[in-house]
Amino acid sequence: MSVSVVLFTADLRLHDHPPLRAGLDGRRQVVPLFVRDRGVAAAGFAAPNRLAFLADCLRDLDAGLRERGGRLVVRSGDVVEEVCKVAAEADADEVHMAADVSAYAQLRERRLRRALEAGGRRLHVHETVTGAVPPGAVTPASSDHFAVFTPYFRQWSGQRLRGVLDAPRSVRVPAGIGSEEPPRRAGSPGLSPELAEGGERAGRKRLTAWLRSGVTAYADLHDDLAGDATSRLSPHLHFGTLSPVEVIHRARRVGGPGAEAFVRQVAWRDFHRQVLAARPGAADADYRTKHDRWRSERTARDDIEAWREGRTGYPVVDAAMRQLRQEGWMHNRARLLTASFLAKTLYVDWRVGAGHFLDLLVDGDVANNQLNWQWVAGTGTDTRPNRVLNPVTQAKRHDPEGAYVRRWVPELADIAGAAVHEPWKLRGSDRARCEAYPDPVIDLADGLARFKRARSRD
Ligand code: FAD
């Protein structure tokens, strides 16, 4: 019986897994392999929150495989060397893996293909595993990718998605392939105290609960900061403990305006992925330069520190930055307004903010993070690149009672209602009750004027 290797990367699940299905085809034996890739750590991408979530995912994947008669083989080192070693040990003739979009993933695929072919083995790369509609599947007439979401979404919506694959009933792994123990979630200094649980089971449970009772109200409530009424599926989509194809099919089955708005949001993921696949350099370089002369770690150190620590004096910004540290996650509206505050109001290089988000976000993702940051900074695909979000107006609109701010900023916990959004206007006993809260680091009008001046040079 021939043997195949299935390399798991950002697809840590058993349900709806085309590489695993193909690897098992013809009743083969299969080596389900995960490599703790030192290249990922060297690139600075191994943040404590994501490592902890990853550990949950690997343990759960191993448990799921064991229930089916198999196990997960875990190795550490250079991903290409380890895959070749395992393939040789198992005498496997082919390797299956998911396609992915970052420069790192594209290089990994090329290196792996060359190395395997040199040993007489084949690499099969499967689309529609880490994304739903693959990069390049829909394109405008004049380019290799869409730079505007609305026309992209129109074509994306017309694509027929493949059917959802069941999890395999049994997995047979050849004997004698050495493995490390899957890592355990360990306490570490940078770990967020309220980090979500990882793993396919946790992801499937959350998806089912979301589709049963959350998604219907999504169109109305997705921007309500205190309501916390979004799916929180992003880490599961990032690590692939949920299949985007399955998420979309199941949401469409629920139907209605809530599910439609939710699917549209999931399509943003594919949108950014097709931009990054075509322009991998956009992870670090402006997608469309505005010739900004950004303030930097060197020239804006105090402002950057205040932003990172959630003490800018703008309550909604500070609430969001503290939520990020506490949970390793932040609401989308909060990501938009904190990013706009850093890049536009404080006029700090978007890469500084994107780096901080990647240090903490459990769903931290090259395509989604870097390209959303560029979108907000006006160097990306936003068709209104010079709009600036006013944090006070945003707070009054999306946290009208001030509950989100009070939840995260204890210095303001005793201030009632929307007054919490402008503590500098408080007088008398109210003022005394929030003495510990800092004054604003910048006057919003000054920030806006500086940004307009900078962009008028463009
Ligand atoms: P829901 O509102 O329930 O949406 C469902 C899913 O759709 C999400 O899980 C996500 O996979 C996708 N999605 C939603 N909004 C977006 C979007 N704007 N772009 C791409 N996909 C989207 N998302 C990440 O997954 N990783 C990141 O590193 C990341 N960084 C961001 C940085 C900034 C500055 C901004 C403005 C947004 C960023 N986002 C990122 C997008 C978005 O904020 C999160 O996906 C969303 O908040 C996750 O919460 P949720 O799962 O409850 O989303």
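(A) Seen up close, the site of the ligand. Close to the ligand lie 28 residues, the nearest being Tyr-218, Thr-230, Ser-231, Arg-232 and Asn-332. Ser-231 is positioned with one of its side-chain polar atoms (N or O) 2.6 Å from an oxygen atom of the ligand. The protein chains hide 98% of the 820 Å² of surface that the ligand would expose on its own. Looking at the shell around the ligand, the elements with two or more residues in it are helix H9 (234-239), helix H11 (256-278), helix H14 (332-345) and helix H16 (366-377). Examining the composition of the shell around the ligand, we find that 6 residues originate from one element, H11, more than from any other. Summarising the domain contributions, the shell around the ligand has at least three residues from each of domain 2 (131-160 + 201-278) and domain 3 (301-456).

(B) Geometry of the packing of helix H13 (residues 315-327) against helix H15 (residues 350-360). As a packed pair, H13 and H15 sit with axes 9 Å apart at the nearest point and diverge in direction by 35 degrees. In this structure, H13 uses Met-321, Leu-324 and Arg-325 to contact H15, whose residues at the interface are His-356, Phe-357 and Leu-360.

(C) Up close: the environment of Asp-382. Along the chain, Asp-382 turns up in the loop between H16 and helix H17 (391-398). Note on Asp-382: relative accessible area 6%, which makes it buried. Setting aside its immediate chain neighbours within four residues, Asp-382 contacts Trp-375 and Arg-387. A polar contact of 2.9 Å, which involves the side chain of Asp-382, links it to the backbone nitrogen of Arg-384. Of the polar contacts made by the side chain of Asp-382, one reaches the side chain of Arg-387; its length is 2.7 Å.

(D) Structural detail: the pattern of salt bridges. Applying the stated criterion to the full structure yields 36 salt bridges. Residues Asp-223 and Arg-333 are paired through a salt bridge, measuring 3.2 Å at the closest nitrogen-oxygen approach. Here Asp-223 is found in the loop between helix H8 (218-221) and H9, whereas its partner Arg-333 is found in helix H14, with 110 residues between them in sequence. Residue Asp-223 is classed as buried on the basis of its relative accessible area, which comes to 18%. Owing to a relative accessible area of 14%, Arg-333 belongs among the buried residues under this scheme. Counted as one network, the salt bridges with shared partners bring together Arg-28, Asp-93, Glu-94 and Arg-122.

About the thresholds
- Residues numbered from 1 in each chain as written.
- Predicted model: local features only at pLDDT ≥ 70, side-chain atom pairs only at ≥ 80, totals over all residues.
- Heavy atoms only, no water.
- Near = heavy atom within 4 Å.
- Polar contact = N/O pair within 3.5 Å; in protein donor to acceptor, adjacent residues only side chain to side chain.
- Areas by Shrake-Rupley, 256 points an atom, 1.4 Å probe, with all protein chains shown as cover.
- Helix = DSSP H or I, 4+ residues; strand = E, 2+ residues; numbered from the N terminus.
- Domains from an automatic or database assignment.
- Axes fitted to C-alpha atoms, helices over the stretch in contact; angles between N-to-C directions.
- Contact = heavy atoms within 4.5 Å.
- Buried < 20%, exposed > 50% of the residue type's maximum accessible area, 1.4 Å probe, protein only.
- Salt bridge = Lys/Arg side-chain N within 4 Å of Asp/Glu carboxyl O.

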